[in-house]
Amino acid sequence: EVVEKRGHKPGSASIPIVFTKEFENISKTREAVTLLEKIGLDQELERIYCRPRVRCGKLRWRGRRLRRRVGPLIVVSNHGTNVAKAASGIPGVDVKTPDKLSIMDLAPGGVPGRLTVWTLPALEKIVERVRKYVAE
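Just so you know, the residues in each chain are numbered from 1, in the order the chain's sequence is written. Predicted model: local features are reported for residues with pLDDT of at least 70 only, side-chain atom pairs are reported and counted for 80 or more only, and whole-chain, interface and lining totals are derived from all residues. Side-chain metrics rest on all non-hydrogen atoms present in the structure, leaving aside hydrogens and water.

Student: Residues and numbers for the packing of aromatic side chains, please.
Tutor: Paired rings are identified among Phe, Tyr and Trp, the last through its six-membered ring, by centres lying within 6.5 Å, and are further divided according to the angle between planes into stacked (under 30 degrees), edge-to-face (over 60) and tilted (the rest). Counted by the stated rule, this structure contains one aromatic pair. Seen in terms of ring centroids, Phe19 and Phe23 are 4.4 Å apart; in terms of plane orientation they differ by 15°. Their pairing is stacked. Whether a residue is buried, partly exposed or exposed follows from its accessible area with a 1.4 Å probe, protein chains only, as a fraction of its type maximum: under 20%, in between, or over 50%, in that order. In this structure Phe19 comes out as buried when scored by relative accessible area, which is 14%. Of the residues examined, Phe23 reaches a relative accessible area of 4% and is grouped as buried.

Laid out in structure tokens, this is it:
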């Protein structure tokens, strides 16, 4: 409910979305898009591929002319993976590692509920990170 309330359209995809390690080997943007469509995120991709809106006022003069929609966040184990480069070609999609993940990535603009796609190695790194603070 929180993800849909934020404006994302997960469609038939069940949340949370977790992929195996093979997802990190995708090397082309087209392959990443077709995989996201297969799991049911086709409405979300239509939403973010929609035409960007032109801002009004002085922002246009200052190089912030277009306003794009925020798409899903993909969390991978390290930034050297192939999918990091492939998914960066999709507008509105951000790729982060568990080390660099912040609250502003999970709740852009202060609104929680961003649609997030996880990989198993990334979740394992997050569990290790949390264990370090819980053990103390």
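Student: Requested: an account of the layout of surface pockets, with residues and values cited.
Tutor: Grid points spaced at 1 Å over the protein atoms alone were grouped into cavities, where a 1.4 Å probe fits but cannot get out, and pockets, open sets with protein on both sides within 12 Å along at least five of seven lines, with lining residues defined by an atom within 4 Å of a point. Grid points are joined across faces, edges and corners, and a volume is the space filled by probe spheres set on the points. By volume, the largest pocket amounts to about 210 Å³. Looking at the largest pocket, the residues that line it are Arg47, Arg51, Pro52, Arg53, Arg55, Leu66, Arg67, Arg68, Arg69 and Val70. Residue polarity follows a fixed list, in which Ala, Val, Leu, Ile, Met, Phe, Trp, Tyr, Cys and Pro are nonpolar, Asp, Glu, Lys and Arg are charged, and the others, Gly among them, are polar. Taken together, the residues of the lining of the largest pocket break down into three nonpolar, no polar and seven charged.

Student: Describe the pattern of salt bridges, with residues and values.
Tutor: By definition here, a salt bridge exists when the distance from a side-chain nitrogen of Lys or Arg to a carboxyl oxygen of Asp or Glu is within 4 Å. Using the criterion set out here, one finds three salt bridges in the structure. For Arg47, the salt bridge identified is with Glu44, shortest N-O distance 2.9 Å. Placement of the pair is Arg47 and Glu44 together in helix H3 (residues 42-49), with a separation of three residues, close to one helical turn. With relative accessibility at 12%, the residue Arg47 sits in the buried group. Its relative accessible area of 1% is what places Glu44 among the buried residues. Here Lys96 makes a salt bridge to Asp105, at a shortest N to O gap of 3.9 Å. A relative accessible area of 10% places Asp105 in the buried class. Segments assigned H or I by DSSP are reported as helices when at least four residues long, segments assigned E as strands when at least two residues long, and all are numbered from the N terminus.

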